Amino acid sequence: MSKIEEFLTVEQEQDIIKAIEVAEKNTSGEIRVHIEKITDLPPLQRALEVFHLLEMDKTDLRNGVLIYVAIESRKFAILGDEGIHTKVTENFWDAEKELMLSYFKKEEFSKGIELAIREVGKKLKEFFPYHSSDTDELSNEVSRGS
Ligand code: CA
Ligand code: CA
(Lines give C-alpha, C1' and ligand atoms only; values in the text may rest on other atoms or scores of the structure.)
(Ligands and ions follow the chains in the order given, each with its own letter.)
Protein backbone atom coordinates (compact mmCIF):
# COMPACT_ATOMS: atom_id res chain seq x y z
CA MET A 1 0.00 0.00 0.00
CA SER A 2 1.47 3.28 -1.05
CA LYS A 3 1.10 6.48 0.88
CA ILE A 4 -1.59 7.86 -1.38
CA GLU A 5 -3.90 4.95 -0.58
CA GLU A 6 -3.41 5.69 3.09
CA PHE A 7 -4.63 9.20 2.50
CA LEU A 8 -7.42 8.30 0.12
CA THR A 9 -9.50 5.15 0.44
CA VAL A 10 -11.19 3.57 -2.58
CA GLU A 11 -14.50 4.86 -1.26
CA GLN A 12 -13.21 8.39 -0.86
CA GLU A 13 -11.81 8.25 -4.38
CA GLN A 14 -15.23 7.24 -5.67
CA ASP A 15 -16.77 10.17 -3.80
CA ILE A 16 -14.33 12.54 -5.49
CA ILE A 17 -15.12 11.12 -8.93
CA LYS A 18 -18.83 11.45 -8.15
CA ALA A 19 -18.35 15.09 -7.10
CA ILE A 20 -16.66 15.82 -10.43
CA GLU A 21 -19.49 14.13 -12.33
CA VAL A 22 -22.09 16.17 -10.46
CA ALA A 23 -20.17 19.44 -10.95
CA GLU A 24 -19.77 18.77 -14.68
CA LYS A 25 -23.52 18.35 -15.09
CA ASN A 26 -23.80 22.09 -14.47
CA THR A 27 -20.90 23.41 -16.48
CA SER A 28 -19.01 22.77 -19.69
CA GLY A 29 -15.84 23.26 -17.64
CA GLU A 30 -13.72 20.19 -16.90
CA ILE A 31 -12.39 19.46 -13.43
CA ARG A 32 -9.53 17.07 -12.71
CA VAL A 33 -7.80 16.01 -9.50
CA HIS A 34 -4.15 14.95 -9.40
CA ILE A 35 -2.65 13.54 -6.22
CA GLU A 36 0.97 12.68 -5.60
CA LYS A 37 3.21 12.23 -2.59
CA ILE A 38 5.93 14.80 -3.00
CA THR A 39 7.00 17.76 -5.07
CA ASP A 40 10.06 19.94 -4.72
CA LEU A 41 8.53 22.63 -6.86
CA PRO A 42 6.23 25.47 -5.82
CA PRO A 43 2.78 23.88 -6.07
CA LEU A 44 1.45 26.18 -8.78
CA GLN A 45 4.50 25.49 -10.95
CA ARG A 46 4.10 21.72 -10.51
CA ALA A 47 0.36 22.04 -11.16
CA LEU A 48 1.16 23.73 -14.46
CA GLU A 49 3.43 20.81 -15.44
CA VAL A 50 0.73 18.29 -14.54
CA PHE A 51 -1.85 20.38 -16.39
CA HIS A 52 0.12 19.94 -19.61
CA LEU A 53 1.01 16.29 -18.93
CA LEU A 54 -2.69 15.50 -18.59
CA GLU A 55 -3.36 17.52 -21.77
CA MET A 56 -5.82 19.67 -19.88
CA ASP A 57 -4.99 22.55 -22.23
CA LYS A 58 -6.72 20.70 -25.07
CA THR A 59 -10.34 21.51 -24.18
CA ASP A 60 -12.44 23.44 -26.69
CA LEU A 61 -13.16 26.42 -24.45
CA ARG A 62 -9.89 26.18 -22.50
CA ASN A 63 -11.92 25.80 -19.34
CA GLY A 64 -10.23 22.95 -17.51
CA VAL A 65 -9.47 23.28 -13.79
CA LEU A 66 -6.86 21.17 -12.04
CA ILE A 67 -6.92 20.55 -8.30
CA TYR A 68 -3.36 19.50 -7.51
CA VAL A 69 -2.29 17.96 -4.18
CA ALA A 70 1.16 16.79 -2.99
CA ILE A 71 0.23 15.04 0.22
CA GLU A 72 3.54 14.54 2.01
CA SER A 73 4.83 17.92 0.93
CA ARG A 74 1.65 19.50 2.28
CA LYS A 75 1.27 21.51 -0.89
CA PHE A 76 -1.67 22.07 -3.17
CA ALA A 77 -2.88 24.39 -5.93
CA ILE A 78 -5.93 25.10 -8.02
CA LEU A 79 -5.14 25.97 -11.62
CA GLY A 80 -7.59 27.05 -14.31
CA ASP A 81 -6.90 27.25 -18.04
CA GLU A 82 -6.65 30.53 -19.92
CA GLY A 83 -10.30 30.50 -21.03
CA ILE A 84 -11.18 31.02 -17.38
CA HIS A 85 -8.41 33.39 -16.44
CA THR A 86 -9.14 35.85 -19.20
CA LYS A 87 -12.50 36.31 -17.46
CA VAL A 88 -11.51 36.44 -13.82
CA THR A 89 -8.86 37.82 -11.49
CA GLU A 90 -5.72 36.09 -10.22
CA ASN A 91 -7.18 35.40 -6.81
CA PHE A 92 -10.30 33.80 -8.27
CA TRP A 93 -9.77 30.49 -6.43
CA ASP A 94 -8.75 31.93 -3.04
CA ALA A 95 -11.98 30.94 -1.30
CA GLU A 96 -11.66 27.35 -2.56
CA LYS A 97 -8.01 27.19 -1.51
CA GLU A 98 -8.90 28.39 1.97
CA LEU A 99 -11.68 25.84 2.16
CA MET A 100 -9.29 23.05 1.19
CA LEU A 101 -6.67 24.23 3.64
CA SER A 102 -9.14 24.23 6.52
CA TYR A 103 -9.95 20.56 5.86
CA PHE A 104 -6.35 19.56 5.14
CA LYS A 105 -5.37 20.96 8.54
CA LYS A 106 -7.80 18.46 10.06
CA GLU A 107 -6.27 15.71 7.85
CA GLU A 108 -9.60 15.46 6.04
CA PHE A 109 -8.07 15.40 2.59
CA SER A 110 -10.85 13.80 0.57
CA LYS A 111 -13.50 15.96 2.20
CA GLY A 112 -11.51 19.09 1.44
CA ILE A 113 -11.03 18.06 -2.19
CA GLU A 114 -14.68 17.11 -2.57
CA LEU A 115 -15.95 20.43 -1.24
CA ALA A 116 -13.47 22.35 -3.37
CA ILE A 117 -14.74 20.50 -6.48
CA ARG A 118 -18.27 21.51 -5.58
CA GLU A 119 -17.34 25.18 -5.19
CA VAL A 120 -15.17 25.21 -8.33
CA GLY A 121 -18.13 23.72 -10.21
CA LYS A 122 -20.44 26.48 -8.99
CA LYS A 123 -18.02 29.18 -10.13
CA LEU A 124 -17.44 27.54 -13.50
CA LYS A 125 -21.18 27.40 -14.05
CA GLU A 126 -21.40 31.20 -14.01
CA PHE A 127 -18.96 31.56 -16.88
CA PHE A 128 -19.37 28.25 -18.68
CA PRO A 129 -22.93 27.01 -18.38
CA TYR A 130 -23.72 23.44 -19.34
CA HIS A 131 -24.90 22.76 -22.89
CA SER A 132 -26.90 19.75 -24.00
CA SER A 133 -24.20 19.05 -26.59
CA ASP A 134 -21.55 18.88 -23.88
CA THR A 135 -19.04 16.06 -23.91
CA ASP A 136 -16.81 14.79 -21.14
CA GLU A 137 -13.56 16.11 -22.57
CA LEU A 138 -11.33 15.12 -19.68
CA SER A 139 -11.55 11.97 -17.58
CA ASN A 140 -13.15 12.32 -14.16
CA GLU A 141 -10.81 9.72 -12.68
CA VAL A 142 -8.33 10.84 -10.03
CA SER A 143 -4.87 11.05 -11.59
CA ARG A 144 -1.99 9.84 -9.43
CA GLY A 145 1.67 10.54 -9.42
CA SER A 146 4.20 8.41 -7.56
CA1 CA B 1 -17.66 18.74 -20.35
CA1 CA C 1 -14.66 15.43 -17.03
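As a reminder, the structure under discussion sits directly above these lines.
Rules and cut-offs
- Residues numbered from 1 in each chain as written.
- Chains lettered and ligands numbered in written order.
- Predicted model: local features only at pLDDT ≥ 70, side-chain atom pairs only at ≥ 80, totals over all residues.
- Heavy atoms only, no water.
- Core = buried A, V, L, I, M, F, W, Y, C linked by side-chain atoms within 4.5 Å.
- Buried < 20%, exposed > 50% of the residue type's maximum accessible area, 1.4 Å probe, protein only.
- Helix = DSSP H or I, 4+ residues; strand = E, 2+ residues; numbered from the N terminus.
- Contact = heavy atoms within 4.5 Å.
- Donors = N, O, S within 2.8 Å, 3.2 Å for Na, K, Ca; no water.
- Salt bridge = Lys/Arg side-chain N within 4 Å of Asp/Glu carboxyl O.
- Tetrahedral: all angles 85-135°; square planar, octahedral: opposite > 155°, others 65-115°.
- Polar contact = N/O pair within 3.5 Å; in protein donor to acceptor, adjacent residues only side chain to side chain.
- Pairing = 2+ DSSP bridges.

**Considering the nonpolar core**
Piece 1. In terms of nonpolar packing, the biggest core is built from 30 residues, with Val 33, Ile 35, Ile 67, Val 69, Met 100, Ile 113 and Ile 117 touching the most fellow members.
Piece 2. In terms of residue count, the dominant contributor to this core is helix H6 (residues 109–127) (6 residues).
Piece 3. Apart from residues no more than four positions distant in its own chain, Ile 113 is found in contact with Ile 16, Val 33, Ile 35, Ile 67, Val 69, Met 100 and Phe 104.

**As for the coordination of the calcium ion (ligand 1)**
Ideal geometry at a metal centre: 109.5 degrees between donors when four sit tetrahedrally, and 90 or 180 degrees when six sit octahedrally.
Piece 1. Protein-derived ligands of the calcium ion (ligand 1) are Glu 30 (OE), Asp 134 (OD), Asp 134 (OD) and Thr 135 (O), with the metal-ligand distances lying across 2.1 to 3.0 Å.
Piece 2. Counting residues between consecutive donors of the calcium ion (ligand 1) along the chain gives the motif E-x103-D-T.
Piece 3. A separation of 5.6 Å is found between the calcium ion (ligand 1) and the calcium ion (ligand 2), both of which receive a donor from Glu 30.
Piece 4. The partly exposed category is assigned to Asp 134, whose relative accessible area is 23%.

**Concerning the pattern of salt bridges**
Piece 1. In the structure shown here, the tally under the stated rule is 11 salt bridges.
Piece 2. With a shortest N-O distance of 2.8 Å, Arg 46 and Glu 36 are connected by a salt bridge. Residue Arg 46 is found in helix H3 (residues 43–53), and its partner Glu 36 is found in strand S1 (residues 30–36); the two are separated by 10 residues along the sequence. Exposure class is identical for Arg 46 and Glu 36. Each is buried.
Piece 3. The partner of Lys 97 in a salt bridge is Asp 94, with the nearest N and O atoms 3.8 Å apart. On the criterion of helical spacing, the pair formed by Lys 97 and Asp 94 is a turn pair, its members being 3 residues apart in helix H5 (residues 94–105).
Piece 4. On the basis of relative accessible area, Asp 94 is assigned to the partly exposed category, the value being 33%.
Piece 5. One network of salt bridges, with partners in common, ties together Glu 36, Arg 46 and Glu 49.

**Overview of the coordination of the calcium ion (ligand 2)**
Piece 1. Looking at the metal site, the calcium ion (ligand 2) is ligated by Glu 24 (OE), Glu 24 (OE), Glu 30 (OE), Asp 136 (OD), Leu 138 (O) and Asn 140 (OD1), spaced 2.2 to 2.7 Å from it.
Piece 2. For the calcium ion (ligand 2), the 6 donor atoms are set out with angles of 51 to 172° between them, so the coordination reads as irregular.
Piece 3. Of note, the donors binding the calcium ion (ligand 2) are all from one chain and are spaced E-x5-E-x105-D-x1-L-x1-N.

**A closer look at the environment of Arg 62**
Piece 1. Structurally, Arg 62 can be placed in the loop between H3 and strand S2 (64–70).
Piece 2. You can call Arg 62 partly exposed: its relative accessible area is 26%.
Piece 3. Along the sequence, Arg 62 and Ile 84 sit 22 residues apart, while their C-alpha atoms lie 7.2 Å from each other.
Piece 4. Excluding its chain neighbours within four sequence positions, the residues that come into contact with Arg 62 are Asp 57, Asp 81, Glu 82, Gly 83 and Ile 84.
Piece 5. Side-chain polar atoms of Arg 62 contact the side chain of Asp 81, separated by 2.7 Å.

**Quick look at the pairing of strand S3 (residues 75–80)**
Piece 1. Where burial is concerned, most of S3 is hidden: 5 out of the 6 residues are buried.
Piece 2. Sheet topology note: the S2/S3 ladder contains 6 bridges and is antiparallel. Counted as the bridge partner of Val 69 is Phe 76 from S3.
Piece 3. The hairpin formed by S2 and S3 contains 4 residues between the paired strands, and Arg 74 there has a positive phi angle of roughly 55°.

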